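Spelled out from the first residue to the last, the chains are:
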Amino acid sequence: MSTERRIAHLDMDAFYASVELLRYPELRGQAVVIGGISGQPQRNADGSLSFARLRDYTGRGVITTSTYEARALGVFSAMGTMKAAKLAPDAVLLPVDFDSYRHYSRLFKAAVRNICPLIEDRGIDEIYIDLSEHPEQTLALAKTIKQAVNEATGLSCSIGIAPNKLLAKICSELDKPDGITIIGMDDIATRIWPLAVKKINGIGPKANAKLAALGIHTIAELAQADADLLQTNFGRTYAAWLLQVAHGRDERAVTTSSESKSISRETTFERDLHAVQDREILSGIFTRLCTKLAADLVRKGYLCKTIGIKLRYDDFRTVTRDLTLPSPTADATAIRRAAAECIRRVALDRRLRLLGVRASALSKSDGLQQYDAAAQGELGF
């Protein structure tokens, strides 16, 4: 790999849940879910703690994240809490603590930056790192980074290292938790092609189902697929992208500039959601995206004056809408209200496969702006 770019994708392992386990080490090895603002542990007379359980939950909340033990029971992020309670009634329920998560996010990124300064911030729990010019051997460097993260935070991370961002992102998921995966272009046939197509970031459940209907299940099958067949079913642009990524090609640079033009948060759903029938689920996801976006703005020291939304329908059509505010903000309630106004300006006549919220027209904050992590309001669906 000496003649190739060395791009790393570092992903913190079950980040929110792992931060909570630092606070409550007695919960290690148990199914734990994080979500909402209720469920604060109660101190008993003997000094021990009593934890809320999913079976006792009532409400319309959404799971933010879960430990690997809870995931083994089928409980994942963006799932309705009541549904999660049916799958894992004995799981511990803890409230979210974004102040703590932001603190540990700053710690792990500072630790990495001290070793490799060329970092692209991708959110609270993941970064890309350009290692191309670093003199240290790849495996040793990855171990050095992981050790630095652990010493700074007490947490583990997984790292994928490859010639580009696409492959590095895939690799960071292969040996979770606490893994290191390193590949070169010569390894694509043996390490990448056997994987399911859904492992490619950008192929969501709907595209995965359409590919399966065409008999395309693995990345190898996608790489060998007929271009005309893909274009007929997905359109020219997406079809061309599918073939490109199936062969492991990605020329995107690691963007290290601190002067962002925009900041966004988006998610592709596990299944297509209906604006009316799945209103409760969509509302929870929408609030979470706005809250995370506000946290990103605060963490990076920005205010925004324009809020936008992105919707992708089940037929892959994508629409965007923007709203410019009277004054800059990083407040989650204001962001959610503006994004809801944007949603009211689009047709909701088809099921949705993706929802995103974007902040643009950025300006530097004076550090005094705060955000409401429990932002509420009516979703504009």
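So, how was this worked out
- Residues numbered from 1 in each chain as written.
- Predicted model: local features only at pLDDT ≥ 70, side-chain atom pairs only at ≥ 80, totals over all residues.
- Heavy atoms only, no water.
- Salt bridge = Lys/Arg side-chain N within 4 Å of Asp/Glu carboxyl O.
- Helix = DSSP H or I, 4+ residues; strand = E, 2+ residues; numbered from the N terminus.
- Buried < 20%, exposed > 50% of the residue type's maximum accessible area, 1.4 Å probe, protein only.
- Phe/Tyr/Trp six-rings, centres within 6.5 Å; stacked < 30°, edge-to-face > 60°.
- Lys NZ or Arg CZ within 6 Å of the ring centre and 35° of its normal.
- Polar contact = N/O pair within 3.5 Å; in protein donor to acceptor, adjacent residues only side chain to side chain.
- Contact = heavy atoms within 4.5 Å.
- Axes fitted to C-alpha atoms, helices over the stretch in contact; angles between N-to-C directions.
- Left-handed = near helix turned anticlockwise from the far one by under 90°.

(A) Region of the structure containing the pattern of salt bridges. Going through the model one piece at a time under the given rule, you end up with 24 salt bridges. Two residues, Arg102 and Asp99, come together in a salt bridge whose shortest N-O distance is 2.7 Å. Here the residue Arg102 and the residue Asp99 both occupy positions in helix α4 (residues 98-113), the gap between them amounting to three residues, near one helical turn. The buried category is assigned to Arg102, whose relative accessible area is 9%. With a closest N to O distance of 3.0 Å, Lys109 and Asp121 form a salt bridge. Of this pair, Lys109 sits in helix α4 while Asp121 sits in strand β8 (residues 119-121); the two residues are 12 residues apart in sequence, bridging distant segments of the chain. Linked through salt bridges whose partners overlap, the residues forming this network are Lys109, Asp121, Arg265, Asp296 and Arg299.

(B) Quick peek at the packing of aromatic side chains. In the structure shown here, the tally under the stated rule is eight aromatic pairs. Look at Phe15 and Tyr16: their rings are 6.0 Å apart centre to centre, the planes differ by 50°, and that puts the pair in the tilted class. Measuring from centroid to centroid gives 4.1 Å for Tyr16 and Tyr101, while their planes differ by 10°, and the two rings are stacked. Taken as a pair, Tyr16 in helix α1 (residues 15-23) and Tyr101 in helix α4 lie far apart in primary sequence, 85 residues in all. Judged by its relative accessible area of 0%, Tyr101 falls in the buried class. Connected via pairs of aromatic rings, a cluster forms that spans Phe15, Tyr16, Phe98, Tyr101 and Phe108. Above the plane of the ring of Tyr68 lies Arg71, whose end atom (NZ or CZ) is 4.8 Å from the centre.

(C) Highlighting the side chain of Lys146. Within the element layout of this structure, Lys146 appears in helix α5 (residues 138-153). For Lys146, a relative accessible area of 12% gives the class buried. Polar contacts involving the side chain of Lys146 include one to the main-chain carbonyl oxygen of Cys157, which spans 2.6 Å. There is a polar contact of 2.6 Å between the side chain of Lys146 and the side chain of Asp178. Residue contacts for Lys146: discarding those within four places in its chain leaves Cys157, Ile159, Asp178, Gly179 and Ile180.

(D) Structural view of the packing of α4 against α5. α5 packs onto α4 with a crossing angle of 145° between their chain directions and a minimal axis gap of 8 Å. In this structure, the crossing between α4 and α5 has a hand that is right-handed. Of the residues in α5, those in contact with Tyr104, Leu107, Phe108, Ala111 and Val112 of α4 are Ile145, Ala148, Val149, Ala152 and Thr153.

Purely geometric stuff here, so don't read any function into it on its own.
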